[in-house]
Amino acid sequence: MVKMTLIARVTDGLPLAEGLDDGRDLPDSDMYKQQVKALFKNLSRGHNEASRMSVETGPYIFHYIIEGRVCYLTMCDRSYPKKLAFQYLEDLKNEFERVNGPNIETAARPYAFIKFDTFIQKTKKLYQDTRTQRNIGKLNDELYEVHQIMTRNVQEVLGVGEKLNQVSEMSSRLTSESRVYADKAKDLNRQALIRKWAPVAIVLGVVFILFWVKNKLW
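Being a predicted model, the structure only gives us computed values, none of them experimental.

Novice: Explain the overall build of the chain here, please?
Specialist: If you tally the helices and strands in the chain, you get 5 helices and 6 strands. Reading the chain from its N terminus to its C terminus gives the helix and strand order β-β-α-β-β-β-α-α-α-β-α. Relative to its full complement of 218 residues, the chain shows a buried share of 36%.

Below, the structure is given as structure tokens:
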């Protein structure tokens, strides 16, 4: 059964639409929504390995597809057919692109397309019962295959993102420290040159002054 549906822009993780009734009766729904936000955040940072993926989380599983820099994600029971979950997302994608396509990139506020919930709820009802003739036909559709879609654990996916962030932060910190050390090295070299040549410059200056005074007197 489909439990939750969210749509977000991949470039910055901005949520565009969601199923308004999703997760209300779901235990720990806030925790799963936080995981979804973390997934979107990772995707916005370029930490996505595939345009289609399934991510296991507790008794549920996230399925998502990325098309046109938009991520369409749903959370289902683990027992819910993977094939139906991805066909459900494909239906959402096709309609969302048709209705909102030209305005996706310019959307500036979260849930700018919240009215799309009407289509989400209508489509979700069509996919809830896996035993209907319609859904049995979709399950038997040999032209739509999902066997090659990767399945991973949510902690593994989010952990990879965190590790990449740590590496990036460490790299930035090392670069910054290197610049500081380089500046200090330049200052030390400058001071060493001054200490080395300052006495010579003073002696030459004194000699020049004495020579000038001598010429003036004579």
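Let's pick the thread back up.
Novice: Can you help me understand the sheet that holds strand β6 (residues 150-153) in this one?
Specialist: Pairing between the strands of a sheet comes from backbone hydrogen bonds, and it takes one of two forms, parallel or antiparallel. The strand order across the open sheet formed by 6 strands is β2-β1-β5-β4-β3-β6, and the pairing between neighbours is mixed. A strand with exactly one partner marks an edge of an open sheet, and here the two such strands are β2 (15-18) and β6. Across the sheet, the axes of successive neighbouring strands diverge by a mean angle of 20°, strand direction being ignored. As paired strands, strand β4 (residues 60-67) and strand β5 (residues 70-77) are joined by 8 bridges and run antiparallel to one another. Looking at β5, one finds that F62 is bridged to M75. Those strands touched by helix α2 (residues 82-100) are β1 (2-9), β2, β3 (52-57), β4, β5 and β6, and its axis lies near 40° from that of β4.

Novice: So what exactly am I meant to see when it comes to helix α1 (residues 29-44) here?
Specialist: Along an α-helix, a turn takes 3.6 residues, which lines up residues three or four apart on a common side. Its 16 residues give α1 an end-to-end C-alpha distance of 23 Å, which sits within 8% of 22 Å, the value for a rise of 1.5 Å per residue. Where α1 is concerned, the buried positions are S29, Y32, Q35, V36, L39, F40, N42 and L43. An end-on view of α1 places all buried positions within 160° of arc, on one side of the element. Facing away from the buried side of α1 by over 90 degrees, the exposed positions are D30 and K37. Immediately downstream of α1, the backbone of G46 shows phi near 85°, a positive value.

Novice: Looking at this structure, I do not really get the nonpolar core. What am I missing?
Specialist: Grouped burial of nonpolar side chains is what soluble globular proteins tend to show. I7, L16, F96 and F116 are the most contacted members of the largest nonpolar core, which totals 27 residues. At the level of elements, β1, β2, β5, α2 and α3 (117-128) are the ones that each hand at least two residues to this core. With 7 residues, α2 is the single largest residue contributor to this core. Look past the residues within four positions of I7 in its chain and what remains in contact with it is L14, P15, L16, A17, V70, C71, Y72, F96, F116 and I120. Core analysis: the second largest hydrophobic core is formed by 22 residues, L6, A8, L26 and L39 among them.

Novice: Teacher, can you tell me more about the pattern of salt bridges here?
Specialist: Pairing is possible between side chains that carry opposite charge, provided their charged atoms lie close to one another. Taken as a whole and judged by the stated rule, the model has 11 salt bridges. The salt bridge involving D12 is made with R9; its shortest N-O contact spans 2.7 Å. You can call D12 partly exposed: its relative accessible area is 43%. Residue R9 is classed as buried on the basis of its relative accessible area of 6%. Salt-bridge contacts for E105 lead to R69; the nearest nitrogen and oxygen are separated by 3.5 Å. Residue E105 is found in the loop between α2 and α3, and its partner R69 is found in the loop between β4 and β5; the two are separated by 36 residues along the sequence. Overall, R69 belongs to the partly exposed group, its relative accessible area being 48%. Because the salt bridges share partners, they merge into one network encompassing R52, E67, E90, K93 and E97.

Novice: Is there a simple way to explain the packing of aromatic side chains in this structure?
Specialist: Any two aromatic rings considered together are summarised by their centre-to-centre distance and by the angle between their planes. Taken as a whole, this structure holds 6 aromatic pairs when the rule is applied. For the pair Y88 and Y127, a centre-to-centre distance of 5.6 Å together with 65° between the ring planes defines the contact as edge-to-face. Remark: Y127 occurs in helix α3 and Y88 occurs in helix α2; sequence separation between them is 39 residues. According to the relative accessible area criterion, Y88 is buried, its value standing at 0%. Using a relative accessible area of 0% as the deciding quantity, one classes Y127 as buried. R134 extends its terminal NZ or CZ atom over the ring of Y127, reaching a point 4.5 Å from the ring centre.

The rules behind the values
Position labels on residues start from 1 in each chain and follow its written sequence. Where local features are concerned, this predicted model is filtered to residues with pLDDT of at least 70; where side-chain atom pairs are given and counted, the filter is 80 or more; whole-chain, interface and lining totals use all residues. Note: side-chain values were computed over all heavy atoms of the structure, leaving out hydrogens and water. Under the DSSP-based scheme used, a helix requires at least four consecutive residues in state H or I and a strand at least two consecutive residues in state E, with every element numbered from the N terminus. Working definition: with a 1.4 Å probe on protein chains only, accessible area under 20% of the residue-type maximum means buried, over 50% means exposed, and in between means partly exposed. A pair of strands is considered paired only if DSSP assigns at least 2 bridges between the two. Fitting a line to C-alpha atoms yields each axis, with helices limited to the stretch in contact; the angle taken between N-to-C directions then spans 0 to 180 degrees. Two residues form a contact once any of their heavy atoms are found within 4.5 Å. Each residue after the first adds 1.5 Å to the expected span of a helix. The arc in question is traced by the directions running from the helix axis to the C-beta atoms. Here the nonpolar core consists of buried residues drawn from Ala, Val, Leu, Ile, Met, Phe, Trp, Tyr and Cys, with membership extended through side-chain atoms lying within 4.5 Å. Should a side-chain nitrogen of Lys or Arg be within 4 Å of a carboxyl oxygen of Asp or Glu, the pair is scored as a salt bridge. Pairing of aromatic rings covers Phe, Tyr and Trp, the last counted by its six-membered ring, and requires centre-to-centre distances within 6.5 Å; plane angles under 30 degrees mean stacked, over 60 mean edge-to-face, and any other angle means tilted. Counted as over-ring charges are cases with an Arg CZ or a Lys NZ within 6 Å of the ring centre that also lie within 35 degrees of the ring normal.

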